[in-house]
Structure formats: structure tokens, C-alpha cells
Amino acid sequence: MFFAAQPASAAVSGTTFAVDKSTAKAGDQLTLTLSLTNSETSPIYFAYEAVQPTWPANTQAGAFTVLSCTGDTSDCAINGNSANFHFNAPIAPGATKSVTLTVKITDTPAWGTAPYTLNWAPYVYYEFGQVGNGTAKDQGWTYGVPELQTVIS
């Protein structure tokens, strides 16, 4: 079964995720946008995010590849079909930082035939308050966020 979502975004505790295409095929590129808005009353002084495909897509090397990572990030590590980065900090209360990932769909995976749904599972961790005596929050999505899925045909 697959879910043909429209390109969308949704806020979850200050985090917004979006993918620009609800459907794609081999040769297409997707743009994932991952944003963090500081909804706290003090600055965020450390912010980390990781995004990877969910099962079964995470078991198939080569069907899609993260090509680039740009935006409000001090670093970005790309590892085939996943990426992790640190948002530029500090992030003032009410401010938003965004990072864009470009993903290339290269093939139909061996584990299934088209169409299939490519879901992404982001993980966000941030620290705010006083450095060394602050508070931390984290959120992980293990099955995928509907706003980060694309049907590959």
C-alpha cells in the first residue's frame, strides 16, 4: 500500500518538514526542507538534526542518494541516503533556521517494484537556556512523517 501525499509541511514542536514532490521517478530530484523555529523563551544554543529513510527504503543502497545540504547549518554529513547536521546557533526566541537537502532518485529498489513510498524519519535534538545549565528537548519519528514521503513510480 502506498500513500500519495501532496507536498505539504507540518509543525511539530517548532519543527517543520516538507518535501517538494508527492510523486517522482528515477532521474528526478527531491528537495527536503527541514526547519526549526525556537518556540522557547530563551535562545537555543545547540541544535542537531538527522534524517534517514525508513524501512524498507533504508535497506536499499543506491535507489536514492542525498546529493547536497545547504542553508543555516555549520556542518552537514551526508552518508548515501541519510544526512545529519547542526543548525547555526544561537537561535533567538521566535527565530527560524532552515536546511535544504537535495535527493536524487536513481533507480527502482530491488526490494519492490514501483510504485513505492519513500518515507523519511527525522530526528531533532536541541538545547536551550543557560549554557551548561540548560534544558534539552528531542523528538524522533521512526516510521516517517507524512509530510516527508514521496511515491516513486
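Residues numbered from 1 in each chain as written. Predicted model: local features only at pLDDT ≥ 70, side-chain atom pairs only at ≥ 80, totals over all residues. Heavy atoms only, no water.

1. Notes on the packing of aromatic side chains
- Enumeration according to the criterion identifies five aromatic pairs in this entry.
- Ring centres of Phe 46 and Tyr 125 lie 6.0 Å apart, and the angle between their planes is 70°; on these two criteria the pair is classed as edge-to-face. On the criterion of sequence distance, the pair formed by Phe 46 in strand E5 (residues 44-53) and Tyr 125 in strand E10 (residues 116-128) is long-range, its members being 79 residues apart.
- Phe 46 sits in the partly exposed class, given a relative accessible area of 31%. (Phe/Tyr/Trp six-rings, centres within 6.5 Å; stacked < 30°, edge-to-face > 60°. Helix = DSSP H or I, 4+ residues; strand = E, 2+ residues; numbered from the N terminus. Buried < 20%, exposed > 50% of the residue type's maximum accessible area, 1.4 Å probe, protein only.)

2. A closer look at the confidence of the model for the chain
- This prediction gives the chain a mean pLDDT of 80; 80% of its residues lie at or above 70.
- pLDDT under 50 marks residues 1-12. Its contacts with residues more than four places away, or in other chains, come to 30 contacts. (pLDDT = per-residue confidence, 0-100. Contact = heavy atoms within 4.5 Å.)

3. Regarding the environment of Ala 95
- Tracing the sequence through the fold places Ala 95 in the loop between strand E8 (82-87) and strand E9 (96-105).
- Among the residues examined, Ala 95 registers a relative accessible area of 26% and is labelled partly exposed.
- Measuring from C-alpha to C-alpha, the distance between Ala 95 and Thr 37 comes to 5.6 Å, with 58 residues separating the pair along the chain.
- With residues near it in sequence (within four places) discarded, Ala 95 still touches Leu 36, Thr 37 and Asn 38.

4. A few points about the pairing of E5
- Bridge analysis of E5 against E10 gives nine bridges, and the strand direction is antiparallel. Among the inter-strand pairings, Glu 49 is bridged to a residue of E10, identified as Val 124.
- Note that E5 and E8 share four bridges and pair antiparallel. Note that in E8 the partner of Val 51 across the bridge is Ala 83. (Pairing = 2+ DSSP bridges.)

5. A short note on the pattern of salt bridges
- All told, the structure shown has one salt bridge when counted by the stated rule.
- Residue Lys 25 is joined to Asp 28 by a salt bridge in which the shortest nitrogen-to-oxygen separation is 3.4 Å.
- The exposure class of Lys 25 is partly exposed, given its relative accessible area of 47%.
- Given the relative accessible area of 17%, Asp 28 is considered buried. (Salt bridge = Lys/Arg side-chain N within 4 Å of Asp/Glu carboxyl O.)

6. Some words on the side chain of Glu 40
- Tracing the backbone through its elements, the reader meets Glu 40 in the loop between strand E4 (29-37) and E5.
- Residue Glu 40 is classed as buried on the basis of its relative accessible area, which comes to 12%.
- Looking at Glu 40, its side chain comes within polar contact range of the side chain of Tyr 126, at 2.7 Å.
- Glu 40 has contacts with Pro 93, Tyr 126, Phe 128 and Lys 137, leaving out every residue within four places of it along the chain. (Polar contact = N/O pair within 3.5 Å; in protein donor to acceptor, adjacent residues only side chain to side chain.)

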